[in-house]
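Here is how the chains run, residue by residue.
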Amino acid sequence: MDSRQREEQYTLATYNHIRFPISLVRGEGNHVIDDEGRRYLDLYGGHAVCLLGHCHPRWVAAMRKQLAELVFYSNTVYFAPRAEAAELLVSHCYPSMAAVYFCGSGAEANETALKIARKATGRKLVVAMEGGFHGRTLGALSVTGFPRMRAAFPENAEAWTRFVPFGDLGAVQALDPSEIAAVIIEPIQSVAGIRTAPASYFLALRDHCRRCGIALIFDEVQTGSGRTGEWFWGMHHGVEPDLVTTAKGVGGGFPVGAVVASDALAAEVKPGDQATTFGGGPLAAAAIAATYRIIEEEGLVERVARFSASLRERLASLEGRGVREVRGLGYLLGVECDRPAKEVQARLMEQGILVGTSGEAQTFRLLPPLTVGEEEWEIFLGALEKALRE
Ligand SMILES: Cc1ncc(COP(=O)(O)O)c(C=O)c1O
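Residues numbered from 1 in each chain as written. Predicted model: local features only at pLDDT ≥ 70, side-chain atom pairs only at ≥ 80, totals over all residues. Heavy atoms only, no water.

**Observations regarding the overall build of the protein chain**
Part 1 of the reasoning: Looking only at helices and strands, the protein chain has 15 helices and 14 strands in total.
Part 2 of the reasoning: Referenced to the eigenvectors of the C-alpha coordinate spread, the extents of the protein chain come out at roughly 55 × 50 × 45 Å.
Part 3 of the reasoning: Across the 390 residues in the protein chain, those meeting the buried criterion constitute 52%.
Part 4 of the reasoning: Put simply, the protein chain shows about 17,000 Å² of open surface, and 54% of that area lies on carbon and sulfur atoms.
Part 5 of the reasoning: Distance from the positive charge centre (40 side chains) to the negative charge centre (47 side chains) of the protein chain: 2 Å. (Helix = DSSP H or I, 4+ residues; strand = E, 2+ residues; numbered from the N terminus. Buried < 20%, exposed > 50% of the residue type's maximum accessible area, 1.4 Å probe, protein only. Areas by Shrake-Rupley, 256 points an atom, 1.4 Å probe, with all protein chains shown as cover. Lys, Arg positive; Asp, Glu negative; His and termini not counted. Charge placed at Lys NZ, Arg CZ, Asp CG, Glu CD.)

Set out below in structure tokens:
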């Protein structure tokens, strides 16, 4: 049995439908290398995680140093890397944000945000968007707007949520606000195929939540930490949530999640309200601090804004030649094609390029490291034209 067969035999079957037919052994910058020595340009970024590319030398050095000094201790003690990670995350988030809670994943961050909002408001219902994705644990799943993912657990996952169409403010306003603790929203719905709503909708939603005492939660698990060309998505439009959840790239590849709370909501969180053993451990904290320092010092957010504008233009020029529509912002893009995305993905993979598919059958996603630049995009565009001609 080769290692792929062994993996399939000894792990639960949950991922068998999405696995790429490759086995990776190494990552170098914007590339990954498989067990046959083939190099792939990674425009999938390990599923929107590897913001700095693979094995960024400064990130590796910071992690090596931390590994040699202190691998783990829980939240029962203080240590400097956690203080640094917290300060960096809060200071790069929205102006009204005051404090962070560290955990291990995006789902856990959303679970925590829902708890904070429910306790602070004393209300039980949450409004969530059709097509929004917030994770697979029961609490996160309960606000995930894909009925097929909740179908096996209707009692656990649907009782306390009111789903409304994304972008429909009237549907939120029609609900009795005195029962609603929070509105949770993914500013750019990624799994749904890169869908967003006008800035005016988000501003009006912000206003409605403020007037009705509802906590507005932005799930920035994908849109956070620079991916859209701003540190956090709402900064494009001057719209601030009360709670931000983030994960994926925030640790540069190390598994971390975080909830950042506004001044007002942070004041409502009391000792014992939430806890997790591994959240904000030394390695996790060192990973976050290194990632944020590198993004800042290498000007990666500005770089995304610069390169994505010309990439969008070039992709738009393929409309009518295999591309139907290009959606998204910065380095979170969806390309809707005139054929199944899986087919385009396979043809790009044959040419040594990895991209993601999405919940929408004809849309593939670009979720690359922020370090990808002009040279890589030229290679990708040439390969895409070829894939669409075939
Ligand atoms: C927007 C969004 N929120 C939450 C999650 C869940 O994060 P995790 O898989 O780390 O639990 C994801 C994962 O894809 C996501 O894309």
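**Thoughts on the sheet that holds strand β1 (residues 24–28)**
Part 1 of the reasoning: Spatial ordering of the open sheet is given by β1-β2-β3-β13, a layout of four strands whose pairing is mixed. The open sheet has two edge strands with one neighbour each: β1 and β13 (353–354).
Part 2 of the reasoning: Relative to strand β3 (residues 39–42), strand β2 (residues 31–34) runs antiparallel, the two being bridged by three bridges. Across the sheet, residue Val-32 finds its bridge partner in β3, namely Tyr-40. (Pairing = 2+ DSSP bridges.)

**Remarks on the domain arrangement of the protein chain**
Part 1 of the reasoning: Partitioning the protein chain into domains gives domain 1 (3–56 + 299–389) and domain 2 (70–297).
Part 2 of the reasoning: Each of domain 1 and domain 2 was reduced to a C-alpha centroid, and the two centroids are 25 Å apart.
Part 3 of the reasoning: Listed as interface residues are 29 residues of domain 1 and, on the opposing side, 27 residues of domain 2.
Part 4 of the reasoning: Counting the surface lost from both domain 1 and domain 2, the interface buries some 2,300 Å², and carbon and sulfur atoms represent 62% of this.
Part 5 of the reasoning: Our enumeration of links across domain 1 and domain 2 arrives at two salt bridges.
Part 6 of the reasoning: Note that Arg-195 is salt-bridged to Glu-336, the shortest N-O span being 3.9 Å.
Part 7 of the reasoning: Where domain 1 meets domain 2, there are ten residue pairs in polar contact (both at pLDDT 80 or more).
Part 8 of the reasoning: Sorting the residues of the side of domain 1 that touches domain 2 by element identifies α2 (45–48), α13 (300–316), β11 (323–329), β12 (332–337) and β14 (363–366) as the ones contributing at least two each.
Part 9 of the reasoning: Of the residues in the side of domain 1 that touches domain 2, the class split is 15 nonpolar, nine polar and five charged. (Domains from an automatic or database assignment. Contact = heavy atoms within 4.5 Å. Buried area = accessible area lost by both parts, 1.4 Å probe. Salt bridge = Lys/Arg side-chain N within 4 Å of Asp/Glu carboxyl O. Polar contact = N/O pair within 3.5 Å; in protein donor to acceptor, adjacent residues only side chain to side chain. Nonpolar A, V, L, I, M, F, W, Y, C, P; charged D, E, K, R; others polar.)

**Comments concerning the side chain of Arg-347**
Part 1 of the reasoning: Positionally, Arg-347 belongs in helix α14 (residues 341–350).
Part 2 of the reasoning: Engagement of the side chain of Arg-347 in a polar contact is seen with the backbone oxygen of Ala-387, the distance being 3.0 Å.

**A word on the pairing of strand β9 (residues 243–246)**
Part 1 of the reasoning: Going residue by residue along β9, you find Leu-243 and Thr-245 tucked away on one face and Val-244 and Thr-246 tucked away on the opposite face as well.
Part 2 of the reasoning: Taken together, the three bridges between strand β8 (residues 215–219) and β9 define a ladder with parallel strand orientation. Looking at β9, one finds that Asp-219 is bridged to Thr-245.
Part 3 of the reasoning: In the sheet, β9 pairs with strand β10 (residues 257–262) via four bridges, with the strands oriented antiparallel. Among the inter-strand pairings, Leu-243 is bridged to a residue of β10, identified as Ala-261.

**Topic: the packing of aromatic side chains**
Between two aromatic rings, the relevant description is the distance of the centres plus the angle of the planes.
Part 1 of the reasoning: Throughout the structure, instances matching the rule amount to 13 aromatic pairs.
Part 2 of the reasoning: Between Phe-202 and Phe-218, the ring centres sit 6.1 Å apart and the planes meet at 90°, which makes this aromatic pair edge-to-face. Residue Phe-202 is located in helix α10 (residues 199–212), and its partner Phe-218 is located in strand β8; the two are separated by 16 residues in the primary sequence. No difference in accessibility class separates Phe-202 from Phe-218, as the two residues are buried.
Part 3 of the reasoning: Note on Phe-202 and Trp-233: the rings are 4.5 Å apart at their centroids and 55° apart in plane angle, and the pair reads as tilted. With a gap of 31 residues between them, Phe-202 in helix α10 and Trp-233 in the loop between β8 and β9 connect regions that are remote in the sequence.
Part 4 of the reasoning: For Phe-202, a relative accessible area of 0% puts it in the buried group. (Phe/Tyr/Trp six-rings, centres within 6.5 Å; stacked < 30°, edge-to-face > 60°.)

**With respect to the site of the ligand**
Part 1 of the reasoning: As a matter of local geometry, the ligand sits amid 13 residues, with Gly-106, Ala-107, Asp-219, Gln-222 and Lys-248 nearest to it.
Part 2 of the reasoning: Measuring from an oxygen atom of the ligand, one finds a side-chain N or O atom of Gln-222 at 2.9 Å.
Part 3 of the reasoning: Lys-248 places a side-chain nitrogen or oxygen 2.8 Å from an oxygen atom of the ligand.
Part 4 of the reasoning: Contact with the protein chains hides 83% of the accessible area of the ligand, taken as 390 Å² for the molecule alone.
Part 5 of the reasoning: At three residues, the largest contribution of residues to the shell around the ligand is made by helix α5 (residues 106–121).
Part 6 of the reasoning: Its residues assigned to classes, the shell around the ligand comprises three nonpolar, seven polar and three charged. (Near = heavy atom within 4 Å.)

**Comments concerning the nonpolar core**
Side chains of a nonpolar character, in soluble globular proteins, are inclined to be buried together.
Part 1 of the reasoning: Core analysis: the largest hydrophobic core is formed by 94 residues, its most contacted members being Leu-315, Phe-364, Leu-366 and Phe-380.
Part 2 of the reasoning: Per element, the largest residue contribution to this core is eleven residues, and it comes from helix α12 (residues 282–297).
Part 3 of the reasoning: The residue makeup of this core includes at least three contributed by each of domain 1 (3–56 + 299–389) and domain 2 (70–297).
Part 4 of the reasoning: If we ignore the near neighbours within four places in the chain, the residues touching Phe-364 are Leu-333, Gly-334, Val-335, Cys-337, Ala-341, Val-344, Val-355, Gly-356, Thr-357, Phe-380 and Leu-384. (Core = buried A, V, L, I, M, F, W, Y, C linked by side-chain atoms within 4.5 Å.)

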